[in-house]
Amino acid sequence: QVQLVESGGGLVQAGGSLRLSCAASGPTFSSLTMAWFRQAPGKGREFVAGITWSFGTTEYADSVKGRFTISRDKSKNTLYLQMNSLNPEDTGVYYCAATLRRVLTNLPSDYDYWGQGTQVTVSS
């Protein structure tokens, strides 16, 4: 059983930055793929970025390319999402997710484990 705990959300002005963290615990992570999703009020859960734990292969949603960076620290079993040049459309609850699939996938239904979410609010 993989457990995920997010932190780092908050309120920021447009143009600002935040870094989200996701502390992971449980079985070995070498076979995991991890990702960040977000959900705005009244909308579905949207893929933001993903990374394979072993090789560090990354994938981003078009809406965040060039602004967000996903990374992981193997020594700390922690996933990060550095978010720069934030705009109000980035507002939502951000979730960390993990799957035992070895390939990156942007479908929420492919992920087996989820954190509780952390709120990000960007004011204009």
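Residues numbered from 1 in each chain as written. Predicted model: local features only at pLDDT ≥ 70, side-chain atom pairs only at ≥ 80, totals over all residues. Heavy atoms only, no water.

### Description of the overall build of the protein chain
Part 1: Along the protein chain, the regular secondary structure elements total zero helices and eleven strands.
Part 2: Relative to the compact-globule value of 14 Å for 124 residues, the protein chain shows a C-alpha radius of gyration of 13 Å, a close match.
Part 3: Over its C-alpha atoms, taken along the principal directions, the protein chain stretches across nearly 40 × 30 × 25 Å.
Part 4: Expressed as a percentage of the 124 residues in the protein chain, the buried residues total 45%.
Part 5: Residue pairs in contact within the protein chain that sit at least 24 positions apart in sequence constitute 58% of those at least 6 positions apart.
Part 6: Total accessible area computed for the protein chain in this model is approximately 6,100 Å², and 48% of it derives from carbon and sulfur atoms.
Part 7: Seen as two clouds, the 11 positive and the 9 negative side-chain charges of the protein chain have centres 5 Å apart. (Helix = DSSP H or I, 4+ residues; strand = E, 2+ residues; numbered from the N terminus. Rg over C-alpha atoms; globule rule 2.2 N^0.38 Å. Buried < 20%, exposed > 50% of the residue type's maximum accessible area, 1.4 Å probe, protein only. Contact = heavy atoms within 4.5 Å. Areas by Shrake-Rupley, 256 points an atom, 1.4 Å probe, with all protein chains shown as cover. Lys, Arg positive; Asp, Glu negative; His and termini not counted. Charge placed at Lys NZ, Arg CZ, Asp CG, Glu CD.)

### A look at the sheet that holds strand E3 (residues 18-25)
In any sheet, the strands associate via hydrogen bonds between backbone groups, in a parallel or an antiparallel arrangement.
Part 1: The strand order E1-E3-E8-E7 describes an open sheet built from four strands, whose pairing is antiparallel. Looking along the sheet, the strands with just one partner apiece sit at the ends: strand E1 (3-7) and strand E7 (68-73). Across the sheet, the mean angle separating the axes of adjacent strands is 15° when strand polarity is ignored.
Part 2: Pairing of E1 with E3, which is carried by five bridges, proceeds in the antiparallel orientation. What sits directly across from Leu4, in E3, is Ala24. (Pairing = 2+ DSSP bridges. Axes fitted to C-alpha atoms, helices over the stretch in contact; angles between N-to-C directions.)

### Comments concerning the pairing of E3
Part 1: Pairing geometry for E3 and strand E8 (residues 78-83), over six bridges, is antiparallel. Bridge pairing in E8 places Cys22 opposite Leu79.

### A few points about the side chain of Ser21
Part 1: As for its position among the elements, Ser21 is in strand E3.
Part 2: The residues touching Ser21, leaving out its near neighbours within four places in the chain, are Val5, Glu6, Ser7, Trp36, Thr78, Leu79 and Tyr80.

### Notes on the nonpolar core
Part 1: Ranked by size, the top nonpolar core spans 34 residues in total, and within it Leu4, Met34, Trp36, Leu81, Met83 and Tyr94 carry the most contacts.
Part 2: For this core, the secondary-structure elements that each account for two or more residues are E3, strand E4 (33-39), strand E5 (45-52), E7, E8, strand E9 (92-99) and strand E11 (118-123). (Core = buried A, V, L, I, M, F, W, Y, C linked by side-chain atoms within 4.5 Å.)

### A word on the state of the cysteines
Part 1: All chains considered together, the criterion is met by one disulfide.
Part 2: Here Cys22 is linked by a disulfide to Cys96, with a sulfur-sulfur distance of 2.1 Å. On the S-S bond that ties Cys22 to Cys96, the torsion sits near -75°, and the link is left-handed. Here Cys96 lies in strand E9 and Cys22 lies in strand E3, a separation of 74 residues in the sequence. There is no split in this pair, since Cys22 and Cys96 are both buried. (Disulfide = S-S within 2.5 Å.)

### Focus: the pattern of salt bridges
Part 1: Tallied over the full model, the rule gives five salt bridges.
Part 2: Asp90 serves as the salt-bridge partner of Arg67, at 2.8 Å between the closest nitrogen and oxygen. Remark: Asp90 occurs in the loop between E8 and E9 and Arg67 occurs in the loop between strand E6 (58-60) and E7; sequence separation between them is 23 residues. Judged on exposure class, the residue Arg67 and its partner Asp90 are both buried.
Part 3: Among the salt bridges present, the one from Asp110 reaches Arg101, with a minimum N-O distance of 3.3 Å.
Part 4: For Asp110, a relative accessible area of 13% gives the class buried.
Part 5: On the accessibility criterion, Arg101 (43% relative accessible area) is partly exposed.
Part 6: Ionic contacts of the salt-bridge type, sharing partners, join the residues Arg38, Glu46, Arg67 and Asp90 into one network. (Salt bridge = Lys/Arg side-chain N within 4 Å of Asp/Glu carboxyl O.)

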